[in-house]
Amino acid sequence: MTAGKSRPAEGAHGELARALLTYKRSFVHIGVFSGVINILMLAPALYMLQVYDRVLASGNEMTLLMLTVILLGMYALMGALEWVRSLVVLRLGTGFDRKLAPRIYDATFSANLKTGKLNAAQPLDDLQQLRQFATGQSLFALFDAPWFPVYVLVMFYFHPALGWFALGGTVVLMGVAWLNERVSRPHLKKAGELAINSRRDAGANLRNAEVIAGMGMLANLRRRWAEQHLGYVREQNLASARMAKIQGWNKALRMAVQSLALGLGAWLVLENQMTAGMMIAGSILLGRALAPIDQIMGASRQWTQVKEAERRLSQLLGDFPPLAKGMDFPRPAGNLAVEQLLAAPPSQTQPVLHGINFKLNAGEALVVIGPSGAGKTTLARCLVNAWPPLRGKVRLDSAPLDQWRPEALGALVGYLPQDVQLFAGTVAENIARFGEVDEAKVIAAAQMAGVHELILQLPEGYQTRLGENGMGLSGGQRQRVGLARALYGEPCLVVLDEPNANLDEAGDAMLAEAIGRMKTAGITLVLITHKPNILKQADKLLILHAGAQADFGPMTEVMQRMQRGAQEPPRSPGRVMPLPPYGTAMNFAQRKEGA
Ligand SMILES: Nc1ncnc2c1ncn2[C@@H]1O[C@H](COP(=O)(O)OP(=O)(O)OP(=O)(O)O)[C@@H](O)[C@H]1O
């Protein structure tokens, strides 16, 4: 009950960039702090210059003391600013996460509803990777790098030869950093994709542990997983080997550049073109100028993965824009109208349901029958707005489902899917749909579903903890707790997809009683079934065949048409298509006639 209308998609990177831009002020603060820190970073070099050229030359201890006190003051200020800058960055990261995580959670949900393939944890992992990258050393490197010209300018001031040497050395080292990123990127990208696939497959397969154990499939599944996993390890190793070679050379080059700068400085001193203080200060400044390059080199390995994470997230957010808010209509009586419905699974365009057209008055019970694959479950999903129609409308008291606010509609609708889908949590939380648990409503729903006594028999009654997918309950128990969840909060429309698939005779009888109670409560009911006993409680019958509406009408009329259709070739002009032989319905019709 979620697939509302979507707003048009915005630019692929728009949403992430806009989220970052809301922290413009924080970035300005980080920039200002970085600026002051980088100016203060000149202090050790200038101190060295003064000590060598002034204090040692003059032998003035007072000057040394004053210089040292000033230097220590600058260090203290720098430490405080670094600390505040880190706090600002941390706050930025938390805010960024808070802003995007719910949106990414929703988009992941929509993607799963549509494709059923996405590893739900991946986008949130991607967000974490982006946050860690954006709030780690790499961000500081980004803000520190623009100060590189200041250091080089000071070196030019000391001596142009030293300035040009620093500039040349930095360009070479930056080239190496770029090369490093370039040679490793394809392998890291491939490794990232393989890691995601192997993690997703491992997670999905191991969830079906009982089938694996029961039929000895572990070795086969492990082999399939290992191919991907080993591929990931291979690509990762290739990337690491190439990076190791470049990084090794880079380290040697970096040390050579620093030593050569000192050597050049010494030669300039010998040539009387520079003071010894400038030689030492120049060497310190060069180390400072090269520091962001080191940080960038360190980040380059992460960078490829971060870019991929950013690409995946942008794609997800672009493909699944925020759901339209929808409206809160007054509580409907429960009149249901399906108009020229054309529907397909969300990942497909080929309709599996076409031309479905029927109306139910509030409080009526409709039974839907048809052979396997006829489109019954697809119809159920459209009736609860889980799958949006390709064309046509489903209306609740004349308001199309896609115009409702999804949460408001969800509260008025009960849905029991074929595979029940309970969640990890207590029985009460499951029945209350994981909202605030209203105990009176939980018990009322359980009583209406005829499951109250059964729940009281559980070890901790309503507080019994269930595992993922309702682990801890039998199939039939899950189905009955699922029915109570569908009835929570007095819904006006309830759609039950094969609610008796896992029930024994006693369970069937309970379900029949529950249906009676729902009818008394005036709930509009849609029941999909293969079992004939539910037909007795239907007011109307819909027969689906190959995605089309084979017949619809009051129960007895459709039954009579089916009987006639079984005895003679169809002549009725109103009939959409020839009726196939539905054993269960026919048997029931004959039994009902005989009665
Ligand atoms: N998630 C899906 N992705 C792709 N195709 C789907 C999906 N769900 C259903 N279909 C296709 O839609 C058609 C109708 O399926 P549906 O589940 O609605 O049939 P059904 O009448 O409920 O069958 P059954 O009685 O076996 O549950 C089938 O051909 C099926 O292959």
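Cut-offs and rules
- Residues numbered from 1 in each chain as written.
- Predicted model: local features only at pLDDT ≥ 70, side-chain atom pairs only at ≥ 80, totals over all residues.
- Heavy atoms only, no water.
- Pairing = 2+ DSSP bridges.
- Helix = DSSP H or I, 4+ residues; strand = E, 2+ residues; numbered from the N terminus.
- Contact = heavy atoms within 4.5 Å.
- Axes fitted to C-alpha atoms, helices over the stretch in contact; angles between N-to-C directions.
- Parallel < 35°, antiparallel > 145°, perpendicular 65-115°, else oblique.
- Nonpolar A, V, L, I, M, F, W, Y, C, P; charged D, E, K, R; others polar.
- Expected span 1.5 Å × (residues − 1).
- Buried < 20%, exposed > 50% of the residue type's maximum accessible area, 1.4 Å probe, protein only.
- Core = buried A, V, L, I, M, F, W, Y, C linked by side-chain atoms within 4.5 Å.
- Domains from an automatic or database assignment.
- Near = heavy atom within 4 Å.
- Polar contact = N/O pair within 3.5 Å; in protein donor to acceptor, adjacent residues only side chain to side chain.
- Areas by Shrake-Rupley, 256 points an atom, 1.4 Å probe, with all protein chains shown as cover.

J.: Which residues make up the sheet that holds strand S2 (residues 353-360), and what values go with them?
T.: Taken in spatial order, the 4 strands of this open sheet run S2-S1-S4-S5, and their pairing is antiparallel. Edge strands, defined here as strands with exactly one partner in the open sheet, are S2 and strand S5 (399-400). Of the pairings in the sheet, the one linking strand S1 (residues 336-343) to strand S4 (residues 391-396) comprises 5 bridges and is antiparallel in character. By the bridge assignment for S4, Ala337 is matched with Arg395. With respect to the sheet, helix H12 (residues 376-383) is in contact with S1, S2 and S4, its orientation differing from that of S1 by roughly 120 degrees.

J.: So what about the packing of helix H8 (residues 160-207) against helix H10 (residues 218-270)? Which residues, and what values?
T.: Viewed as axis vectors pointing N to C, H8 and H10 meet at an angle of 170 degrees, and their least axial separation amounts to 8 Å. The orientation of H8 with respect to H10, classified from their angle, is roughly antiparallel. Along the lines of polarity and charge, the residues of the contact of H8 with H10 split into 26 nonpolar, 14 polar and 5 charged.

J.: Can you lay out helix H2 (residues 24-40) for me, pointing to particular residues and giving the numbers?
T.: For H2, spanning 17 residues, the distance from its first C-alpha to its last is 24 Å, which sits close to the expected 24 Å at 1.5 Å a residue. Where H2 is concerned, the buried positions are Ser26, Ile30, Phe33, Ser34, Gly35, Ile37, Asn38 and Leu40.

J.: Tell me what's going on with the nonpolar core, and back it up with residues and numbers.
T.: Counting 56 residues, the largest nonpolar core has Leu100, Phe158 and Leu285 as its most contacted members. The leading source of residues in this core is helix H11 (residues 276-319), at 14 residues. Beyond its immediate sequence surroundings of up to four residues, Phe158 is in contact with Leu49, Met274, Met278, Ala281, Gly282 and Leu285. By size, the runner-up hydrophobic cluster in this structure holds 48 residues, among which are Ala365, Leu458, Tyr462 and Leu503.

J.: Break down the domain arrangement of the protein for me, citing the residues and quoting the values.
T.: Partitioning the protein into structural domains gives domain 1 (14-319) and domain 2 (336-418 + 492-594). Here the C-alpha centroids of domain 1 and domain 2 sit 59 Å apart.

J.: Mind laying out the site of the ligand, listing which residues take part and the relevant values?
T.: Lining the immediate surroundings of the ligand are 16 residues, of which Ser372, Gly373, Lys376, Thr377 and Thr378 lie closest. Within the side chain of Thr378, a nitrogen or oxygen atom sits 2.6 Å from an oxygen atom of the ligand. One nitrogen or oxygen atom from the side chain of Gln418 is found 3.0 Å from an oxygen atom belonging to the ligand. Contact with the protein chains hides 64% of the accessible area of the ligand, taken as 630 Å² for the molecule alone. Of the residues in the shell around the ligand, the class split is 5 nonpolar, 8 polar and 3 charged.

J.: I'd like a rundown of the environment of Val420, residues and numbers included.
T.: Within the fold, Val420 resides in the loop between strand S6 (413-416) and strand S7 (425-426). A sequence separation of 58 residues divides Val420 from Arg478, and the C-alpha atoms of the two residues are 6.8 Å apart. Apart from residues no more than four positions distant in its own chain, Val420 is found in contact with Arg478, Gln479, Gly482 and Arg485.

J.: Provide a residue-level description of the sheet that holds strand S3 (residues 365-369), including the pertinent values.
T.: If you walk across this open sheet you meet the 6 strands as S6-S9-S10-S3-S11-S12, and the pairing is mixed. In the strand order of this sheet, the two ends are held by S6 and strand S12 (548-554), each with one partner. Adjacent strand axes in the sheet meet at a mean angle of 15 degrees when their direction is disregarded. Summarising the sheet, S3 and strand S10 (residues 524-528) pair through 4 bridges and their orientation is parallel. Bridge assignment links Leu366 to a residue of S10, and that residue is Val526. Contacts between helix H18 (residues 505-520) and the sheet are confined to S3, strand S9 (493-497) and S10, with S10 contributing the most and set at about 150 degrees to the helix.

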